[in-house]
Amino acid sequence: MKTQVCIIGGGPSGLLLSQLLHLQGIDTIVLEKHSREYVLGRIRAGVLEHGFAALMREAQCGERMDREGQIHHGFHIARNGRLHRMDLHKHSGGNSVIVYGQTEVTRDLYEARERMQGAVLHDIEDVQLHDLASGSPSVTFRRRDEVVRIECRFVIGADGFHGVSRKSIPRTVLREYEKVYPFGWLGVLSRTPPVSEELIYVQHERGFALCSLRSPVLSRYYVQVPLTDSVEDWSDDAFWGELKHRLPAEVAARLVTGPAIEKSIAPLRSFVAEPMRYGNLFLAGDAAHIVPPTGARGLNSAASDIQYLYHAMVAHFKRGDDSGLDGYSAKALARVWKAQRFSWWMTTMLHTFPQQADYDQRLQQTELDYLLSSEAAQRSLAENYVGLPY
Ligand code: FAS
Ligand code: PHB
């Protein structure tokens, strides 16, 4: 098999790049480990930066997002039983975010790939990358009992944190930076009306909580839990009871509870792999970087990688201009690290850290005091949350 760009990973990163390149007449093949149903069954991100939304529209995949997604001009921070609204629209000079689940983003991308007869191969096993530094890379994989080789010009590693691509970069080349947080997020999806029209980030002595949503009848909630907890430790009643404990009383009083249709614990980590290019392999999205979801940067950082790669690939194939490819890693990492900073800042400010020193606890409270009392601090939060420029 031959293609111009072989993309490993059929998550939002891989699918979005495949769709954008297809519209420019650039041929791709996407290799996905799991079935489409499995990929769509994962409940993840919920907030899209305006830059991501623009990219989805450019990919001709924005129609349902614009119809069903909800534009949010702000969110609340709950502290000591009170709500404090962060006015994103005012403090970002008129920008906002769209609340539209990653599951729906991925569904729209799959449907567009199918509509345009895009090559997305599922249930792929044993993907291996070859001759990445040779100028003529190839990818082999096994499907049923057959080993197939794909010859290509470029390989895109969009296969997430546990994928094969980052691990195909020699240890002597790759540098990894990691910070593991001493807690996780227990997330619940419920077919209940959201408790609030806008997101509520909760700072509470018992731990962080987040009230989010997917639609007027589908809610997404999280509570911070110790890393030692497992989903089995948390009945629905236990979850709802703990969430109510952490919410301001007036909010808890109007919380509509119901059966969890999805319940999972995600550990929180910050991670960056450098460089994001090795020979003709380019890493994008979670394959190269992970953030704690507190700042809603994960999926949005993947989007800016894809935008940079998209323009670089078009310049190469249409104009023989390799400046975008040569500058990709440095440009992507500059924005990735700003997302790392913002995610670390939001996580450190809003979570309860076990065995935290008294001084650090007072500093944490002061950080939140400063944010809630300073328009300058809120402008900084807003410009990061709606999305720094690409
Ligand atoms: P993905 O991991 O989504 O996709 C990679 C794809 O590659 C997967 O489909 C995988 O099956 C496939 N793959 C892996 N290895 C392969 C191989 N060897 N061969 C072929 N295919 C392979 N972000 C937020 O902004 N907000 C959130 O609330 C949030 N919650 C999250 C919760 C969890 C549990 C996780 C893991 C992530 C969460 N994220 C969140 C981040 C998440 O949204 C990612 O940023 C987003 O999925 C990135 O998309 P991709 O880079 O496409 O990676
Ligand atoms: C979500 O809706 O899943 C969500 C929203 C905002 C975050 C994290 C997760 O910061």
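Above this text sits the structure in question.
Below is a short write-up of the structure. (Residues numbered from 1 in each chain as written. Chains lettered and ligands numbered in written order. Predicted model: local features only at pLDDT ≥ 70, side-chain atom pairs only at ≥ 80, totals over all residues. Heavy atoms only, no water.)

As for the sheet that holds strand β17 (residues 260-274)
Next up, step 1: In spatial order, the strands read β6-β5-β14-β15-β16-β13-β17-β20; together these eight strands make up an open sheet with mixed pairing. Lying at the two open borders of the sheet, with one neighbouring strand each, are β6 (82-87) and β20 (289-290).
Next up, step 2: Two strands pair when backbone bridges link them, and strand β15 (residues 209-215) and strand β16 (residues 218-225) are joined in this way by six bridges, in the antiparallel orientation. Bridged to A209 within β16 is V223.
Next up, step 3: Helix α11 (residues 358-373) rests against β5 (74-79), β6 and β14 (200-203) of the sheet, and its axis sits at about 140° to β5. (Pairing = 2+ DSSP bridges. Helix = DSSP H or I, 4+ residues; strand = E, 2+ residues; numbered from the N terminus. Contact = heavy atoms within 4.5 Å. Axes fitted to C-alpha atoms, helices over the stretch in contact; angles between N-to-C directions.)

Digging into unusual backbone geometry
The general pattern is negative phi for most residues beyond glycine and trans for most peptide bonds.
Next up, step 1: With an omega dihedral of -10°, the bond running from E274 to P275 counts as a cis peptide bond.
Next up, step 2: As for its placement among the helices and strands, P275 is situated in the loop between β17 and β18 (277-278).
Next up, step 3: In the Ramachandran plot, Q117 falls in the positive-phi region, its phi being about 55° despite a non-glycine side chain.
Next up, step 4: Structurally, Q117 can be placed in the loop between α6 (102-115) and β8 (119-121).
Next up, step 5: Residue A296 is not a glycine yet carries a positive backbone phi of 55°.

Quick word on the packing of helix α1 (residues 12-22) against helix α9 (residues 298-319)
Relative orientation and spacing of two packed helices are given, respectively, by the angle between their axes and the distance between those axes.
Next up, step 1: α9 packs onto α1 with a crossing angle of 30° between their chain directions and a minimal axis gap of 9 Å. Classified by the interaxial angle, the pair formed by α1 and α9 is roughly parallel. Where α1 crosses over α9, the handedness of that crossing is right-handed. Residue-level inspection shows P12, S13, L16, L17, L20 and L21 of α1 in contact with α9, the latter providing L299, A302, I306, L309, Y310, M313 and V314. (Parallel < 35°, antiparallel > 145°, perpendicular 65-115°, else oblique. Left-handed = near helix turned anticlockwise from the far one by under 90°.)

Considering the packing of aromatic side chains
Next up, step 1: Scanning the entire structure with this criterion turns up 17 aromatic pairs.
Next up, step 2: For the pair F282 and Y328, a centre-to-centre distance of 5.9 Å together with 70° between the ring planes defines the contact as edge-to-face. Here Y328 lies in helix α10 (residues 323-350) and F282 lies in strand β19 (residues 281-283), a separation of 46 residues in the sequence.
Next up, step 3: By relative accessible area, which is 0% here, F282 ends up buried.
Next up, step 4: A residue is classified by how much of its surface remains accessible, and Y328, at 1% relative accessible area, is buried.
Next up, step 5: Plain terms: the ring middles of F342 and W345 are 5.9 Å apart, the flat faces sit at 35° to each other, and that makes the pair tilted. Taken together, the residues F342 and W345, both in helix α10 and three residues apart, mark about one turn of the helix.
Next up, step 6: Exposure remark for F342: the relative accessible area of 1% places this residue in the buried category.
Next up, step 7: Pairwise contacts between aromatic rings join F75, W185, Y201, F208, Y222 and Y385 into one cluster. (Phe/Tyr/Trp six-rings, centres within 6.5 Å; stacked < 30°, edge-to-face > 60°. Buried < 20%, exposed > 50% of the residue type's maximum accessible area, 1.4 Å probe, protein only.)

Observations concerning the site of ligand 1
Next up, step 1: Taken together, 29 residues are adjacent to ligand 1, and S13, E32, R42, R44 and Q102 come closest.
Next up, step 2: At a separation of 2.8 Å, an oxygen atom of ligand 1 approaches a polar side-chain atom of R44.
Next up, step 3: Note that an oxygen atom of ligand 1 is positioned 3.1 Å from one of the backbone N or O atoms of L299.
Next up, step 4: For ligand 1, whose accessible area on its own is 990 Å², the fraction buried by protein is 85%.
Next up, step 5: Breaking the shell around ligand 1 down by element, the ones donating at least two residues are α1 and α9.
Next up, step 6: Considering only residue class, the shell around ligand 1 consists of 13 nonpolar, nine polar and seven charged. (Near = heavy atom within 4 Å. Polar contact = N/O pair within 3.5 Å; in protein donor to acceptor, adjacent residues only side chain to side chain. Areas by Shrake-Rupley, 256 points an atom, 1.4 Å probe, with all protein chains shown as cover. Nonpolar A, V, L, I, M, F, W, Y, C, P; charged D, E, K, R; others polar.)

Any functional reading would require information beyond the geometric quantities listed.
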